[in-house]
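# Observations on chain architecture
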Amino acid sequence: MKSLITNINKVFESRVRLGIMSALSVNEKLDFNSLKELLDLTDGNLASHIKALEKEEFILVEKKFVGKKPKTSYKITKFGLIEFKKHLNALENLIKNQL
Amino acid sequence: MRYKALLISKKDMSTENNKHLENLSEIRSIMERSSSFLSLSGLSGIFAGIAALAGAAFAYWYAYIYNARNIVNKHIRYYELTDSVLIVLVIDAIIVLIIALFAGYYFTHRNAKRKGLKLWDTTAKNTLSSLAIPLITGGIFSLILIVQGSGYLVSATTLIFYGLALLNASKYTLKEVKYLGIFEITLGLVATSLIGYGLFFWAFGFGVLHIVYGILMYVRYEKNEVKG
């Protein structure tokens, strides 16, 4: 049993974080507003989860100016993608083994 | 005691399991929604196709019947394109384009609303910009062909560049767009060797193929949602 749970990542236990990782895993990068609309979240909620993922180095923050407006985009890191895939596989295995 | 513990954990596991299943299906849906422009409606294809057929029919009537005296030799279908005929045909094409774009926007907007999706999101932007670059290139190239007196290649050129545009945009939208693109490119290449039948290839590529594609997409993705 233990071997099945070892790859379940605690960081991904929140649905919001899973959502962010899902979206970033299939997009080269996404900006804050796109993520917010896609996942239907408030600014504060999204920002706090992004911070958590950034701290784990699962995602990368890219800030630049478009004219005078700051634009923040997010990218998944290689490490983040590997961890996310591991987590997905673990979820799948859990379900397969328990059905 | 050990027995009891086992029972509890089993019960917990099945609710856990449902949670995991839910998570997985949500992940799938987010991946799909965030990477593909799914609102593209089959109905826009059908209406664009009808507009193209009507435009081609008008062009045929205007060039070959109304201005029949411009046909130099019936057998090789060589056609003397005068400036006045050319202007009418260009206006005809522009009207078709405007109707097609309007239909595309209208039905796609309706489809997005029905699916509860935003029309103008990252995927829409990606789809549009990947369509635009080959299309504009093809448009400019066609104008150059006309100016340089190689107007007979315009029909094939528009089909080829339109096909390339679709192929390019298919990364960001319904995967079937790719096959429509390949068909258009093939048709365009065939058209290059059958000079004089440009209008028919054009009508087939922009008219018939759009209508067939539109009906297939509508049946596959939208019909059930309208009923349900």
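The structure we're discussing is the one just above.
First things first, this report covers the structure right here in the doc. (Residues numbered from 1 in each chain as written. Chains lettered and ligands numbered in written order. Predicted model: local features only at pLDDT ≥ 70, side-chain atom pairs only at ≥ 80, totals over all residues. Heavy atoms only, no water.)

Facing the 21 residues of chain A at the interface are 16 residues of chain B. Surface buried jointly by chain A and chain B totals about 1,800 Å² across both partners, of which 64% is contributed by carbon and sulfur atoms. Across the contact surface, chain A and chain B share 1 salt bridge. Here Arg15(A) makes a salt bridge to Glu26(B), at a shortest N to O gap of 2.8 Å. Where the side of chain A that touches chain B is concerned, the elements lending two or more residues are α2 (15–26), α3 (32–39) and α5 (78–98) of chain A. Residues of the side of chain A that touches chain B, tallied by class, amount to 12 nonpolar, 6 polar and 3 charged. (Contact = heavy atoms within 4.5 Å. Buried area = accessible area lost by both parts, 1.4 Å probe. Salt bridge = Lys/Arg side-chain N within 4 Å of Asp/Glu carboxyl O. Helix = DSSP H or I, 4+ residues; strand = E, 2+ residues; numbered from the N terminus. Nonpolar A, V, L, I, M, F, W, Y, C, P; charged D, E, K, R; others polar.)

A separate point is the packing of helix α2 (residues 42–66) of chain B against helix α3 (residues 83–115) of chain B. All names here are of chain B. Look at α2 against α3: their axes get within 8 Å of each other, and the N-to-C directions meet at 170°. Between α2 and α3, the crossing angle belongs to the class labelled roughly antiparallel. Relative to α3, the crossing made by α2 is right-handed. The residue inventory of the contact of α2 with α3, partitioned by class, reads 17 nonpolar, 5 polar and 2 charged. (Axes fitted to C-alpha atoms, helices over the stretch in contact; angles between N-to-C directions. Parallel < 35°, antiparallel > 145°, perpendicular 65-115°, else oblique. Left-handed = near helix turned anticlockwise from the far one by under 90°.)

Okay, the layout of surface pockets next. For the second largest pocket, the calculated volume is near 510 Å³. What lines the second largest pocket is a set of 21 residues, and nearest its centre among them are Asn33(A), Ser34(A), Leu35(A), Glu37(A) and Leu38(A). Taken together, the elements giving at least two residues each to the lining of the second largest pocket come down to β1 (30–31), α3 and β3 (69–76) of chain A together with α1 (2–35) and α4 (122–147) of chain B. For the lining of the second largest pocket, the element with the most residues is α3(A), which contributes 6 residues. (1 Å grid on protein atoms, 1.4 Å probe; cavity = no way out; pocket = protein on both sides within 12 Å on 5 of 7 lines; lining within 4 Å. Points joined across faces, edges and corners; volume = space filled by probe spheres on them.)

Every α-helix carries 3.6 residues per turn, so stepping three or four residues along brings you back to the same face. Residues and elements named next belong to chain B. Compared with an ideal rise of 1.5 Å per residue, which puts 33 residues at 48 Å, α3 spans 47 Å between its outermost C-alpha atoms and is within 8% of the ideal. Burial in α3 covers these residues: Val85, Asp92, Val96, Ala100, Ala103, Gly104, Phe107, Thr108, Asn111 and Ala112. Of the residues flanking the end of α3, it is Gly116, one or two places downstream, whose phi is positive at about 70°. (Expected span 1.5 Å × (residues − 1). Buried < 20%, exposed > 50% of the residue type's maximum accessible area, 1.4 Å probe, protein only.)

This part takes up the packing of α4(B) against helix α5 (residues 154–169) of chain B. Residue and element names in this part refer to chain B. Between α4 and α5, the least distance of the axes is 8 Å, while the angle of their chain directions is 165°. Accordingly, the angle class assigned to the pair α4 and α5 is roughly antiparallel. Relative to α5, α4 is oriented so that their crossing is right-handed. Touching Thr127, Ser130, Leu131, Pro134, Leu135, Thr137, Gly138, Phe141, Ser142, Leu145 and Ile146 of α4 are Val154, Thr157, Thr158, Phe161, Tyr162, Leu164, Ala165, Leu166, Asn168 and Ala169, all from α5. Class assignment of the residues belonging to the contact of α4 with α5 gives a composition of 13 nonpolar, 8 polar and no charged.

It is worth stressing that arrangement in space is one thing and function is another; only the former is reported here.
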